[in-house]
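A closer look at the structure
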Amino acid sequence: MTGADSGWSEKTSGADVSKLSKLAKFPVGVSLAYGNEAFSYTNSPAQQAVIKTHFSQLTAGNIMKMSYLHPAPDTYNFTQADDFLKFARDNGKTLHAHTLIWHSDYQVPAFMKNYQGDKAAWLAILKTHVQTIATHFSGKVASLDVVNEAINDGGGYRNSLFYQKTGADYIEQAVINARAVDQKADLYYNDYNIEADAAKLRTLTGMLDGFKARSVPVTGVGFQMHIYMDYPSVSTISAAFKQAVERKLKVKITELDIPVNNPFSPPYQAGDIQRELTPALALAQKKRYCEVVKAYRDTVPANLRGGVTVWGVSDPSSWLISDLFKNAHADWPLLFDGAYRQKPALRGVADGLSGKPCI
Ligand code: 9MR
């Protein structure tokens, strides 16, 4: 059974949310698949209706990554991204651009993988990359993930292609270079597990302190928040947000999802892995979503709230149901089911946004 099937009943869920984003003064976002990708909104009026009703900000799940926008040294392709931007604008949504620099093997353009050059040459091609893209989107996007996932699980900088060529300098250079061509957009450093992994968080705060000392103009930290029902605790999450808040940096939850099974640790509930989204599990997930959003509101002052974005619209579209996790049962992570029906999780987010008790 996959996330498309569910045992909970819409009638008993009491989700009944009329317009999620109206409940917050900050952006309430969602990531979307585009064009030929599976679960693209472009082919689905039902999905479009959900997007238009409930979200105020959009992030492209893929099409604004490096290899899509900059496939060859002198070739930039903005066709899809511009169409996506048009969809956002036509529907009164802001856009969060993801992401200017990311080490992921799938997303680094082939020409960069093969590029031979010294540190100065690498910093120069990355500067051109960052500034060409940030210039194109300047005035059109509210915020950008400038660098994604540059820190290791367990701490220290990730030994990515970019790190091998430039050390950690590429990170702050990207922020400085983006700011030089876009004075308005919020500029984020974005990563996963920084809310959970103490050593990873220490590397992050060390990096942020260095930025401060050198006046590197980062606006905030994107906490991806691919989390679980049982991990990490709300107090651990709040403490991590505080690290950014204490440094007067914005906090943006950029990729929130909460599967009911945790493939990395024993099943969420004792016994076998949950193979059905029972009403009890759906309600537990509602509570968890609420607590996370409430922790965000309670910990991050209004002027530092960059927003909350979920990583996908419907359960079966989630990256967690993709090949990578196919056999791992990281199921039902999002706010709508495969038929775009509201899950209790949506009510949980709504309650969290409105400061209601999490039940
Ligand atoms: O959800 C995205 C999936 O469709 C892509 O195949 C994958 C590789 O580009 O990236 C996924 O999104 C990732 C995001 O860009 C960065 N943080 C982790 C996300 C989930 O893997």
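Rules of the game
- Residues numbered from 1 in each chain as written.
- Predicted model: local features only at pLDDT ≥ 70, side-chain atom pairs only at ≥ 80, totals over all residues.
- Heavy atoms only, no water.
- Helix = DSSP H or I, 4+ residues; strand = E, 2+ residues; numbered from the N terminus.
- Polar contact = N/O pair within 3.5 Å; in protein donor to acceptor, adjacent residues only side chain to side chain.
- Contact = heavy atoms within 4.5 Å.
- Buried < 20%, exposed > 50% of the residue type's maximum accessible area, 1.4 Å probe, protein only.
- Pairing = 2+ DSSP bridges.
- Right-handed = clockwise from strand over helix to strand, strands pointing away.
- Axes fitted to C-alpha atoms, helices over the stretch in contact; angles between N-to-C directions.
- Near = heavy atom within 4 Å.
- Areas by Shrake-Rupley, 256 points an atom, 1.4 Å probe, with all protein chains shown as cover.
- Salt bridge = Lys/Arg side-chain N within 4 Å of Asp/Glu carboxyl O.
- Parallel < 35°, antiparallel > 145°, perpendicular 65-115°, else oblique.
- Left-handed = near helix turned anticlockwise from the far one by under 90°.
- Nonpolar A, V, L, I, M, F, W, Y, C, P; charged D, E, K, R; others polar.

**Remarks on the side chain of Arg-247**
- If you trace the backbone, Arg-247 turns up in the loop between helix H10 (234-246) and strand E7 (250-256).
- For Arg-247, the side chain forms a polar contact with the main-chain oxygen of Gln-243, separated by 2.8 Å.
- Setting aside residues no more than four positions away along its own chain, Arg-247 makes contact with Thr-205, Leu-208 and Asp-209.

**Considerations on the pairing of strand E2 (residues 57-60)**
- On E2, burial covers both faces: Gln-57 and Thr-59 on one face and Leu-58 and Ala-60 on the other are all buried.
- Here strand E1 (residues 28-32) pairs with E2 via four bridges, running parallel. Pairing of Leu-32 across the sheet is with Ala-60, part of E2.
- After leaving E1, the chain enters helix H2 (residues 45-54) and then returns to the sheet as E2, a path that is right-handed.

**Description of the sheet that holds E2**
- Pairing within the closed barrel is parallel, and its eight strands lie in the order E1-E2-E3-E4-E5-E6-E7-E8. Each strand of the sheet is rotated relative to its neighbour by a mean of 25 degrees, with strand direction disregarded.
- As judged from the five bridges shared by strand E3 (residues 94-102) and strand E4 (residues 143-148), these two strands associate in the parallel manner. Each residue of the ladder has a partner; that of His-98, found in E4, is Asp-145.
- The strands touched by H10 within the sheet are strand E6 (220-223) and E7, with E7 carrying the most contacts at an inclination of about 140 degrees.

**Things to note about the site of the ligand**
- As a matter of local geometry, the ligand sits amid Asn-62, Lys-65, His-98, Trp-102, Gln-107, Asn-148, Glu-149, Gln-224, His-226, Glu-255, Trp-311 and Trp-319.
- Here Asn-62 contributes a side-chain N or O atom positioned 3.0 Å from an oxygen atom of the ligand.
- Taking Glu-149, its side chain carries an N or O atom lying 2.9 Å from a nitrogen atom of the ligand.
- The fraction of the free accessible surface of the ligand (450 Å²) that becomes covered by protein chains is 76%.

**Re the pattern of salt bridges**
- Enumeration according to the criterion identifies 13 salt bridges in this entry.
- The salt bridge involving Lys-294 is made with Asp-298; its shortest N-O contact spans 2.9 Å. Taken together, the residues span about one helical turn, with Lys-294 and Asp-298 both in helix H11 (residues 279-299) at a distance of four residues.
- Note that Lys-343 is salt-bridged to Asp-315, the shortest N-O span being 2.9 Å.

**Structural notes on the packing of H11 against helix H12 (residues 344-354)**
- The interhelical angle for the contact between H11 and H12, taken along N-to-C directions, is 25 degrees, at an axis separation of 7 Å. Judged on the interaxial angle alone, H12 and H11 are roughly parallel. The interaxial crossing formed by H11 with H12 has right-handed handedness. Taken together, the residues of H12 that come into contact with H11 (itself represented by Ala-282, Leu-283, Gln-285, Lys-286, Tyr-289, Cys-290, Val-293, Lys-294 and Arg-297) are Pro-344, Ala-345, Arg-347, Gly-348, Val-349, Asp-351, Gly-352, Leu-353 and Ser-354.
- Here the residues of the contact of H11 with H12 are counted per class, giving nine nonpolar, four polar and five charged.

Function cannot be read off these values alone, since they describe shape.
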